[in-house]
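# Residue-level structural notes
Listed below, chain by chain, are the residues.
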Amino acid sequence: LLTRRGAKTVFAVTAGFQDLLEIGEQDRPNLFELTIRKTRPLYHSVIEIPERVAADGAVLRPIDITATTAALRQAKSSGAESIAICLLHSFRNDIHERAVAAIAHDVGFAEVSLSSVVSPLIKIVPRAETTVLDAYLNPVIRSYADEILRRLSAGSRLQLMTSHGGLVSRDRFT
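Remember, it's a predicted structure, so these values are computed and weren't measured experimentally.

### Focus on the packing of aromatic side chains
In this description, an aromatic ring pair is defined by two values, namely the gap between the centres and the angle between the planes. By the definition in use, this model includes one aromatic pair. Geometrically, the ring pair formed by Phe11 and Tyr43 is tilted, given 5.4 Å between the ring centres and 35° between the ring planes. Here the residue Phe11 occupies a position in strand E1 (residues 9-14), and Tyr43 occupies one in the loop between helix H1 (20-23) and strand E2 (45-49), the gap between them amounting to 32 residues. By the burial criterion, Phe11 is buried, and Tyr43 matches it. Directly above the aromatic system of Phe109 lies the positively charged group of Lys76, at a separation of 5.3 Å from the ring centroid.

So this is what it looks like as structure tokens:
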């Protein structure tokens, strides 16, 4: 993360929210400073998913499978390695996130991060930030762990420490 050498990540978000992470929550250390310096986003591009789920979890607009498939194919063909999926109100009903994930797997994405799994919070900005970070770093960390595992003797067991201090196997680590 510090060296900015993560995977080429695509951020998939509900249509109309493509600039969600650029806008953020508008927190600024110096409220009246005119020259605001923002960090570069971790994602390479944004895909708007034509769908909408209400705050109570009801589906207001069913997902457009054809448009979503075309957008994901285009992203994959442009070199994207991973995808972070964060749809509005998916903490309440993740049906559309799971549908996008299935399409992403079908078009060849090996690394798919769902906000409803990674960080099922009510607030979309922190949920999206965490999901993008997960998609950005997981391929690099998995590759590193695979290399370590490859160099260990047969029958060795590799466990990684999570942020809460627990140990998990390489295939359960995110």
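From this point, the discussion proceeds with the structure in view.
### Quick word on the nonpolar core
Leu72, Ile83, Ile85, Phe109 and Val112 are the most contacted members of the largest nonpolar core, which totals 19 residues. Elements with a contribution of two residues or more to this core: E1, E2, helix H2 (65-77), strand E5 (82-86), helix H3 (95-107) and strand E6 (111-114). Take this core: its biggest share by element is five residues, from H3. Not counting residues up to four positions away in its chain, the partners in contact with Phe109 are Leu72, Ala75, Lys76, Ala80, Glu81, Ser82, Ile83 and Ala104. Residues Leu21, Leu42, Ile124 and Val132 belong to the second largest nonpolar core, which totals 16 residues.

### Topic: the pattern of salt bridges
As enumerated under the stated definition, the model contains five salt bridges in all. Salt-bridge contacts for Glu147 lead to Arg150; the nearest nitrogen and oxygen are separated by 2.6 Å. Of this pair, Glu147 and Arg150 both sit in helix H5 (residues 124-151), three residues apart, roughly one helical turn. Note that Glu147 and Arg151 form a salt bridge whose closest N and O atoms lie 2.7 Å from each other. Here Glu147 and its partner Arg151 are both found in helix H5, four residues apart, which amounts to about one turn of the helix. In this structure Glu147 comes out as partly exposed when scored by relative accessible area, which is 29%. Here the residues in one salt-bridge network are Glu147, Arg150 and Arg151, joined through shared partners.

### So, H2
The terminal C-alpha atoms of H2 lie 18 Å apart, and with 13 residues this matches the ideal 18 Å at 1.5 Å per residue to within 8%. The complete set of buried residues in H2 reads Thr68, Thr69, Leu72 and Ala75. End-on, the buried residues of H2 take up no more than an arc of 130°, which puts them together on one face. Seen from the open side of H2, the exposed residues pointing more than 90 degrees away from its buried face are Thr66, Arg73, Gln74 and Ser77. Between a side-chain oxygen at the N-terminus of H2 and the backbone nitrogen of Thr66 the separation is 3.2 Å; the capping residue is Asp64.

Reading the values: rules and limits
- Residues numbered from 1 in each chain as written.
- Predicted model: local features only at pLDDT ≥ 70, side-chain atom pairs only at ≥ 80, totals over all residues.
- Heavy atoms only, no water.
- Phe/Tyr/Trp six-rings, centres within 6.5 Å; stacked < 30°, edge-to-face > 60°.
- Helix = DSSP H or I, 4+ residues; strand = E, 2+ residues; numbered from the N terminus.
- Buried < 20%, exposed > 50% of the residue type's maximum accessible area, 1.4 Å probe, protein only.
- Lys NZ or Arg CZ within 6 Å of the ring centre and 35° of its normal.
- Core = buried A, V, L, I, M, F, W, Y, C linked by side-chain atoms within 4.5 Å.
- Contact = heavy atoms within 4.5 Å.
- Salt bridge = Lys/Arg side-chain N within 4 Å of Asp/Glu carboxyl O.
- Expected span 1.5 Å × (residues − 1).
- Arc of directions from axis to C-beta.
- Polar contact = N/O pair within 3.5 Å; in protein donor to acceptor, adjacent residues only side chain to side chain.

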